[in-house]
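Fold and contact review
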Amino acid sequence: MADLRNNFVGIKSPNPFWLASAPPTDKAYNVERAFKAGWGGVVWKTLGEEGPPVVNVNGPRYGAIWGADRRLLGLNNIELITDRDLYTNLREMKQVKMNWPDRALIASIMVPCEEQAWKAILPLVEETGADGIELNFGCPHGMSERGMGSAVGQVPEYIEMVVRWCKQYTRMPVITKLTPNITDVRRPARAAKAGGTDAVSLINTINSIVSVDLDNFAPNPTVGGKGSHGGYCGPAVKPIALNMVAEIARDPETYGLPISGIGGITTWRDAAEFLVLGAGNVQVCTAAMTYGFKIVEEMITGLSDWMDEKGHRSLDDITGRAVPNVTDWQYLNLNYIAKAKIDQDACIKCGRCYIACEDTSHQAITNFVDGARHFEVMDEECVGCNLCVSVCPVENCITMEQLPAGTLDKRTGRVVDPNYANWTTHPNNPMARQAAE
């Protein structure tokens, strides 16, 4: 049976599934129930500095995007950091850690970008017995307007500065949580590494307005007739998160920097994708808010079963395995040729492949043959774009098949070349021509 025990920058947990810093981790009651359900760790909802707690709105805090079956695809969240007293949180954290010594307990922290503020809170957190801290440099709303959250995360120099303070004033491992609301996520990751961070976590939520109420002309969620931008999370953000994790994992300047992957993780497969792209563990929020804490049972069982099936004994066997296969477009093999094939027995003759190809692509699919409704790929027109695969409602009805080297590509009239070739040396590339000259 696969060993799912996780050791992330020295923080041990029975599995790699942690709850992210968010409403599900706001109090001991929630965290205790999460641990009973099987979660390997939690990142406690973000703590603020000593003094009057922040104030949240007392109305709607979430906007939603649904699929056609009303499955939740994304949430827009305008809730702020914890609105409970700092010392109440600290007492509860200490008790929970005493009750569950084998589980990871991380304190998320956000205080003003001043050395004294960080110096003051770190010993208080350390006294709870927490296993580490996560610096919240990602929150895109409410706190960012006060010079915290993503307002810090968007300035690499600030990131490096605060990380240095934290490494100076605490023995605990430091995880730096990065914002996706930035052009190039590698720059803040490099800054965190330069400051001495033990790891990074990403992504935090994406700045968003998910919808507008067309009766009162205000963004959702609407509070007293007004709305605000918030943080977008859930399954819809997973592709963005995967790309950013991969960018950091393969960047020569941050290669080897431990990563805690966050963003739209709902199933064991989602988690596995983050792990093979370089994440050392994963954090989950929206899935727990949608389906409850017990969803972790499926995640644990599914990941373990898949690893057993593939012969992977531990998380080390899969972590980062896909990173070498992530490349830039100019290095993709231009001599790789594939064509779409339609399984006529599986085809339900809905015609979606034909419409998509005929109206928006390469007119490579028939709709009638000999007067009968029939959908078939014309190899002489197919460029292998696989749009038809994407729009087909029947799984595996349309597949992509590679043309073997030495066979004729009917579209180009050329024999498939077995040799690797990419854009950097292609004759149409003006830079390649200049280099040759």
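Quick notes on the rules
Residues numbered from 1 in each chain as written. Predicted model: local features only at pLDDT ≥ 70, side-chain atom pairs only at ≥ 80, totals over all residues. Heavy atoms only, no water. UniProt positions renumbered as here; feature names shortened; annotations may be inferred. Helix = DSSP H or I, 4+ residues; strand = E, 2+ residues; numbered from the N terminus. Buried < 20%, exposed > 50% of the residue type's maximum accessible area, 1.4 Å probe, protein only. Polar contact = N/O pair within 3.5 Å; in protein donor to acceptor, adjacent residues only side chain to side chain. Contact = heavy atoms within 4.5 Å. Salt bridge = Lys/Arg side-chain N within 4 Å of Asp/Glu carboxyl O. Axes fitted to C-alpha atoms, helices over the stretch in contact; angles between N-to-C directions. Parallel < 35°, antiparallel > 145°, perpendicular 65-115°, else oblique. Left-handed = near helix turned anticlockwise from the far one by under 90°. Nonpolar A, V, L, I, M, F, W, Y, C, P; charged D, E, K, R; others polar. Phe/Tyr/Trp six-rings, centres within 6.5 Å; stacked < 30°, edge-to-face > 60°. Lys NZ or Arg CZ within 6 Å of the ring centre and 35° of its normal.

Taking an unreviewed UniProt entry as the reference, the chain is identified by name as dihydrouracil dehydrogenase (NAD(+)) belonging to Rhizobium leguminosarum. Per its UniProt entry, the chain bears the Function (unreviewed entry) comment "Involved in pyrimidine base degradation. Catalyzes physiologically the reduction of uracil to 5,6-dihydrouracil (DHU) by using NADH as a specific cosubstrate. It also catalyzes the reverse reaction and the reduction of thymine to 5,6-dihydrothymine (DHT)."

1. Notes on the side chain of Thr-46
With respect to the helices, strands and loops of the structure, Thr-46 is situated in strand E4 (residues 41–47). You can call Thr-46 buried: its relative accessible area is 3%. In terms of polar contacts, Thr-46 uses its side chain to reach the side chain of Asn-136, at 3.0 Å. Those residues within four positions of Thr-46 in sequence are excluded, and the remaining contacts are Ser-21, Ile-81, Thr-82, Ser-108, Ile-109, Met-110 and Asn-136.

2. With respect to the pattern of salt bridges
Taken as a whole, this structure holds 22 salt bridges when the rule is applied. Between Arg-5 and Asp-3 there is a salt bridge, with its nearest N and O atoms 2.9 Å apart. With a relative accessible area of 62%, Arg-5 lands in the exposed category. For Glu-273, the salt bridge goes to Lys-238, with nearest N and O atoms at 2.7 Å. Here Glu-273, found in helix H8 (residues 268–276), pairs with Lys-238, found in helix H7 (residues 238–250); they are 35 residues apart in sequence, far enough to count as distant. Take Glu-273: its relative accessible area is 27%, and that puts it in the partly exposed class. A relative accessible area of 14% means that Lys-238 is categorised as buried. Three or more residues are tied together by salt bridges with common partners; here these are Asp-184, Arg-186, Glu-247, Arg-250 and Asp-328.

3. Regarding the environment of His-426
Along the chain, His-426 turns up in the loop between strand E22 (414–415) and helix H13 (430–436). Assessed through its relative accessible area of 26%, His-426 is described here as partly exposed. When near neighbours in sequence (up to four residues on either side) are disregarded, His-426 contacts Leu-334 and Ala-432. Looking at His-426, its side chain comes within polar contact range of the main-chain nitrogen of Asn-428, at 3.0 Å.

4. Some remarks on the packing of helix H1 (residues 28–37) against helix H2 (residues 86–99)
Two packed helices can be described by the angle between their axes and the distance between those axes. At a closest axis distance of 10 Å, the pairing of H1 and H2 adopts a crossing angle of 20°. By the angle between their axes, H1 is roughly parallel relative to H2. In the packing of H1 onto H2, the handedness of the crossing is right-handed. Each of Ala-28, Val-31, Glu-32 and Phe-35 in H1 lies in contact with H2, whose residues at this interface are Glu-92, Val-96 and Asn-99. Considered class by class, the residues forming the contact of H1 with H2 number 4 nonpolar, 1 polar and 2 charged.

5. Remarks on the packing of aromatic side chains
Counted under the stated rule, the structure contains 5 aromatic pairs. Where Phe-35 meets Trp-100, the ring centres are 5.6 Å apart and the plane angle is 50°; that geometry is what we call tilted. One end of the pair, Phe-35, is in helix H1; the other, Trp-100, is in the loop between H2 and strand E7 (104–109), with 65 residues separating them in the sequence. Look at Trp-100 and you get buried, because its relative accessible area is 17%. A cation over an aromatic ring shows up here: Arg-70 above the ring of Trp-66, its NZ or CZ 4.0 Å from the ring centre.

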